[in-house]
Amino acid sequence: MAIISNSIQNNSQGASSGISSSRSQTYRSGSSTLHLQEGQTLKGVVSDVHGSEITLSMEDGSSFTGKLPDASQYSIGQKAAFQITSLDQNTIYMKAVNGAYLLDIEDTIEQALEEAALPKSDRNIEVVRSLLQNQQSISRENIMASIQLCARFPKADVNAIITMKRLNLPMTQESVKQFENYQNQNHQLLNKMDSLTNDIGNMLNSIGSQVPRLSAEIGSRILAMVLEGNPTPEEQVLLEKAASVENTLLETAEGTDTVPADPNQTAKTGTAETGSAEEVDGDAAKLAETVISPDDAAEAEQAQGPFARMKQLFTTLTDGNAAARTALTESGLSEDFRTPFIHEQTGFILSPEERQSFSAFLSDYPLSDECKQALADGTATARQLLSEIKNMLPDLSEEQAGKLLTSKSFQNLVKAQFISGWTVSPEQLKKEQALDTIYDKMSRQFESLSHFSEQVLGKNVFSQLTQHASDMSSNLDFMKMMNQTFQYIQLPLRLQNQTAHGDLYVMTRKEALRRNPGKLSVLLHLDMDHLGTLDIQILKENTAVSANFFVSTKETKDLLERNIELLNDAINEQGYAFTSQLSMKQKDMDVVKDFIGADAPVGDLKRYNFDLRA
């Protein structure tokens, strides 16, 4: 970019002697003398921009005006630098020094506020800084509009407001708060579930110890809520096995030759088959099988609602896992995490000592002996035990009901049952509308819990419970709002021996997916206890599927490398051309920056298109 300056303030007489062959010249600029040389860099402040002409004022007071095709990229008051490439009689040929001596962000902020005749308050400075970071115009009009917008949310982070404005997201007090949570990576429902269920336990303890006359009523309401819905697929397997055992015993009693099996041992064996080893988060391998089958493409296109389409990604989730389970167990890394119980059983929720103690505690309560024994050996599910407790509550004395609600084991069972109803297993993800059902259930229950104290006691005594429930309800509302534009969902997962947070990002935008439903790109993010952070990027085009695994530790990478062929074979057997790759994770996925804002408009930059990397 050559600057041709033929209007420089110089002494034409002095410039005429020996100019053509000299590599240096002397010019007059006002009362100053400029000694210029080819290759020299001139630094100064842009004092005027007019069309293609730019005026640079140096520190010594001298100035010159030159022609520059990209003059409009500079702003008055901006620091700039130009290198002299050639000198002629009345013309200085120069090129701009890109990326050097430009205003840093703080100088730019101050200058923008000065030009807008606005005070340099901390809030105003944050507004302009956020506009620059979001690559938005810092014209006076846009700064004023942004300041007025931020004034509506005085306690909110300015950058969150400006970013939401750029993304055209609806702004309310609650949506701004939730956006800040997502921006700060404090959005995980799973962590909030733990806090909310602890609040429920604290409430039960307070009612039981301080207002025992209300224990039966409060306990009944909470149990009615926690028992809402159907048993999980894993529970259903237990019920079917129990029914099979019962039929076997009946046949034996009628004189058949069938050899009876011990009911408890059968139940334990069955649960071991259902949820054998932790498999060092082996369900992560299952989740990598998340693809839409060719026959489901049309169904996915027609699916309604933000979560229905996502369900299609999990239609083949747990097929072909037997070999992978065996290999992971043989690796020796999963054996330490083996358990004979599933999440829903009291044997998983309570330790042997806790089960024995709670069973003894219930000895004076009108529960069946079978129920107490199943509690003691761990084969009873929380649903079965809590259902019997709910039925007996109206017959308890105030003292009995109060002591029950203050029991830590009872509180832990209630907590586990709530979390079981708010999480989803890989098996559930294969079922039609599974995510919609769970999220609808969460939405109803969070809303009920946020008003529970007022409805039951007439006033908000348990403010912590109300606050956490309201926050989670707002979290769901915000996620649904986002899904009007972006296909994203949190996956609170219930795996073999743990719960795990997951994020599912459909990177293919909705419009592109409508045009070509066979081409899909998704990213599954998992935070696992033993595998650590794991990102699985799945690219699918018709029947060609590729998966890139990004792992956070070398141990995880080695484990997956030893078993990746099992996953390849399982998916290829379903008719896909599958390839996979393993890499170390370089950076964390940012919901706001890397996903929501990835394709968002940046607005009209106009004159303030500065290099802010300085």
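Residues numbered from 1 in each chain as written. Predicted model: local features only at pLDDT ≥ 70, side-chain atom pairs only at ≥ 80, totals over all residues. Heavy atoms only, no water.

**Brief notes about the environment of Gln417**
In step 1: Mapping Gln417 onto the fold places it in helix α19 (residues 408-422).
In step 2: Given a relative accessible area of 3%, Gln417 falls into the buried group.
In step 3: Setting aside residues no more than four positions away along its own chain, Gln417 makes contact with Val226, Ala382, Arg383 and Leu386. (Helix = DSSP H or I, 4+ residues; strand = E, 2+ residues; numbered from the N terminus. Buried < 20%, exposed > 50% of the residue type's maximum accessible area, 1.4 Å probe, protein only. Contact = heavy atoms within 4.5 Å.)

**A closer look at the confidence of the model for the chain**
In step 1: Predicted confidence across the chain gives a mean pLDDT of 76, with 74% of residues reaching 70 or more.
In step 2: Between residues 600-614, whose pLDDT stays under 50, and residues either more than four places distant or in other chains, the model counts 33 contacts. (pLDDT = per-residue confidence, 0-100.)

**What to know about the pairing of strand β14 (residues 577-584)**
In step 1: Note: strand β13 (residues 544-551) against β14, eight bridges, orientation parallel. Looking across to β14, one finds that Ala544 is bridged to Ala577.
In step 2: For the crossover from β13 across helix α24 (residues 554-572) to β14, the handedness is right-handed. (Pairing = 2+ DSSP bridges. Right-handed = clockwise from strand over helix to strand, strands pointing away.)

**Some thoughts on the pattern of salt bridges**
In step 1: Counting across every chain of the model gives 16 salt bridges.
In step 2: Between Lys415 and Asp194 there is a salt bridge whose closest N-O contact spans 2.8 Å. Here the residue Lys415 occupies a position in helix α19, and Asp194 occupies one in helix α6 (residues 189-210), the gap between them amounting to 221 residues.
In step 3: Look at Lys415 and you get buried, because its relative accessible area is 18%.
In step 4: Its relative accessible area of 35% is what places Asp194 among the partly exposed residues.
In step 5: Among the ionic pairs, Lys585 bridges to Asp535, the shortest N-O distance being 2.2 Å. Taken as a pair, Lys585 in the loop between β14 and α25 (591-596) and Asp535 in strand β12 (residues 532-541) lie far apart in primary sequence, 50 residues in all. The same class applies to Lys585 and to Asp535, which are both buried.
In step 6: What you see here is one network of salt bridges that share partners, running through Glu110, Glu114 and Lys120. (Salt bridge = Lys/Arg side-chain N within 4 Å of Asp/Glu carboxyl O.)

**Overview of the side chain of Asn124**
In step 1: Relative to the elements of secondary structure, Asn124 occurs in helix α2 (residues 122-133).
In step 2: Judged by its relative accessible area of 8%, Asn124 is buried.

**Looking at unusual backbone geometry**
In step 1: If you check the backbone angles, Asn168 has positive phi at about 60° while not being a glycine.
In step 2: Looking at the element boundaries, Asn168 is found in the loop between α4 (158-167) and α5 (173-183).
In step 3: What makes Asn168 exposed here is its relative accessible area of 64%.
In step 4: You will see that Gln185, though not glycine, has its phi angle at about 60°, which is positive.

**Considerations on helix α18 (residues 398-406)**
In step 1: Residues of α18 that are buried include every one of Ala401, Gly402, Leu404 and Leu405, and no others. In a view along the axis of α18, the buried residues occupy a sector of 160°, so they form one face of it.
In step 2: Looking at the buried residues of α18, the elements they touch are α6, α7 (215-226), α15 (352-361), α17 (382-392) and α19. (Arc of directions from axis to C-beta.)

**Digging into the nonpolar core**
In step 1: Ranked by size, the top nonpolar core spans 119 residues in total, and within it Ile222, Leu404 and Phe410 carry the most contacts.
In step 2: In terms of nonpolar packing, the next biggest core, distinct from the first, is built from 17 residues, Met58, Leu68, Ile92 and Met94 among them. (Core = buried A, V, L, I, M, F, W, Y, C linked by side-chain atoms within 4.5 Å.)

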